[in-house]
Amino acid sequence: MKIYILDDDQQVVAANRFLLDAMGHASQGWSDPEQFLAELDEQTPAILLLDLAMPKLDGLAVQQALLKRQCAIAVILLTGHGDVPQAVVAMKQGAVDFLEKPVDARRLASALAQARVRVRQLTEQARVRQLFSQLSNREREVVNLVAEGLTNKAIAEQLCVAVRTVEVHRASAMHKLKVTNMADLLNHWRLCQA
């Protein structure tokens, strides 16, 4: 899995690349947040070691940009100051961990393991969102009402259509979403809502 490092201090980038290399991980580094965002391959799942305090765009702004792009990138924030309020915001935005510089190899190894799990979750979420984008508006309406717990009859009454029409849209949506049962349909729906 790709590992990126973004820190405005090139010496910190070099030190973290050296540490990752010693741990058996290849990495790529940037010292300019705008350049990183411009060069980023959004389709490639990755882990990002992200400096919190940078002059142009801080780590929270970069993290927010990645969230808007819906990238499958797990963020591990780095700081030299241990700023707790910012760490809380970062964790609420989905950061995997918050490490103080200089990075401890054991803590980094643990954070990388958590990040791999998060990347798999983000990748699955992106896959499900792509499937949902193939639904027609009516199919999406039916799936949303199914997720609310409505029966086919109640959905038909709410949408002013025949029950058979609801059944057809529901079956078509399940086929497009590549699910065979209600539990999987609801799991996909929850993933798409996250």
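See the structure printed just above.
Cut-offs and rules
- Residues numbered from 1 in each chain as written.
- Predicted model: local features only at pLDDT ≥ 70, side-chain atom pairs only at ≥ 80, totals over all residues.
- Heavy atoms only, no water.
- Helix = DSSP H or I, 4+ residues; strand = E, 2+ residues; numbered from the N terminus.
- Rg over C-alpha atoms; globule rule 2.2 N^0.38 Å.
- Buried < 20%, exposed > 50% of the residue type's maximum accessible area, 1.4 Å probe, protein only.
- Contact = heavy atoms within 4.5 Å.
- Areas by Shrake-Rupley, 256 points an atom, 1.4 Å probe, with all protein chains shown as cover.
- Lys, Arg positive; Asp, Glu negative; His and termini not counted.
- Charge placed at Lys NZ, Arg CZ, Asp CG, Glu CD.
- Axes fitted to C-alpha atoms, helices over the stretch in contact; angles between N-to-C directions.
- Parallel < 35°, antiparallel > 145°, perpendicular 65-115°, else oblique.
- Nonpolar A, V, L, I, M, F, W, Y, C, P; charged D, E, K, R; others polar.
- Core = buried A, V, L, I, M, F, W, Y, C linked by side-chain atoms within 4.5 Å.
- Salt bridge = Lys/Arg side-chain N within 4 Å of Asp/Glu carboxyl O.
- Pairing = 2+ DSSP bridges.

**Let's talk about the overall build of the chain**
A count of helical and extended segments in the chain gives nine helices and five strands. Ordered by position from the N terminus, the helices and strands of the chain form the series β-α-β-α-β-α-β-α-β-α-α-α-α-α. Since a compact globule built from 194 residues should have a radius of gyration of about 16 Å, the 21 Å found for the chain marks it as more spread out than a globular shape. Based on the C-alpha atoms only, the size of the chain along its principal axes is roughly 65 × 30 × 30 Å. Among the 194 residues that make up the chain, the fraction classed as buried is 41%. For the chain, the proportion of contacts with a sequence separation of at least 24, taken over those separated by at least 6, is 62%. When the accessible surface of the chain is split by element, carbon and sulfur atoms take 52% of a total near 10,300 Å². The chain carries 22 positive and 22 negative side-chain charges, and their two centres are separated by 8 Å.

**Regarding the packing of helix H6 (residues 137-147) against helix H8 (residues 163-176)**
Between H6 and H8, the shortest axis-to-axis distance is 9 Å and the interhelical angle comes to 95 degrees. Classified by the angle between their axes, H6 and H8 sit roughly perpendicular to one another. Touching Arg138, Glu139, Val142, Val143 and Val146 of H6 are Val166, His169, Arg170, Ser172, Ala173 and Lys176, all from H8. Residue classes in the contact of H6 with H8 are distributed as five nonpolar, two polar and four charged.

**Regarding the packing of helix H5 (residues 105-132) against helix H9 (residues 182-193)**
Two numbers describe how H5 lies on H9: the axes approach to 9 Å, and their chain directions differ by 105 degrees. In this view, H5 runs roughly perpendicular relative to H9, as classed from their interaxial angle. From H5, Glu124, Gln125, Arg127, Val128, Arg129, Leu131 and Phe132 reach across to H9, where they touch His188, Trp189, Leu191 and Cys192. Here the residues of the contact of H5 with H9 are counted per class, giving six nonpolar, two polar and three charged.

**Overview of the nonpolar core**
Judged by nonpolar contacts, the single largest core of 23 residues is most densely connected at Leu6, Phe36, Leu48, Leu50, Val62, Leu66 and Leu77. Secondary structure elements with two or more residues in this core: strand E1 (2-6), helix H2 (33-39), strand E3 (46-51), helix H3 (59-69), strand E4 (73-79) and helix H4 (84-92). In terms of residue count, H3 provides more of this core than any other element does, four residues in total. Setting aside anything within four residues of it in sequence, one finds leucine 66 in contact with Phe36, Leu37, Leu40, Leu48, Cys71, Ile73 and Val75.

**Regarding the environment of proline 55**
As for its placement among the helices and strands, proline 55 is situated in the loop between E3 and H3. Remark: the alpha-carbon pair of proline 55 and valine 89, spanning 34 residues in sequence, is separated by 18 Å.

**Observations regarding the pattern of salt bridges**
This model, assessed by the stated rule, comprises nine salt bridges. With a shortest N-O distance of 2.7 Å, aspartate 7 and lysine 101 are connected by a salt bridge. Taken together, the residues span a long stretch of sequence, with aspartate 7 in the loop between E1 and helix H1 (10-22) and lysine 101 in the loop between strand E5 (97-100) and H5 at a distance of 94 residues.

**Points about the sheet that holds E1**
The five strands lie next to each other as E2-E1-E3-E4-E5, forming an open sheet whose pairing is parallel. Whereas interior strands pair on both sides, the edge strands pair on one side only; in this sheet they are strand E2 (28-30) and E5. On average, each strand axis in the sheet is tilted by 20 degrees relative to the strand beside it, whichever way the strands run. Taken together, the four bridges between E4 and E5 define a ladder with parallel strand orientation. Residue pairing for E5: leucine 77 is matched across the bridge by phenylalanine 98. Against the sheet, H1 touches E1, E2, E3 and E4, its axis set at about 155 degrees to E1. Packed onto the sheet, H5 meets E1, E3, E4 and E5 and runs at close to 150 degrees relative to E4.

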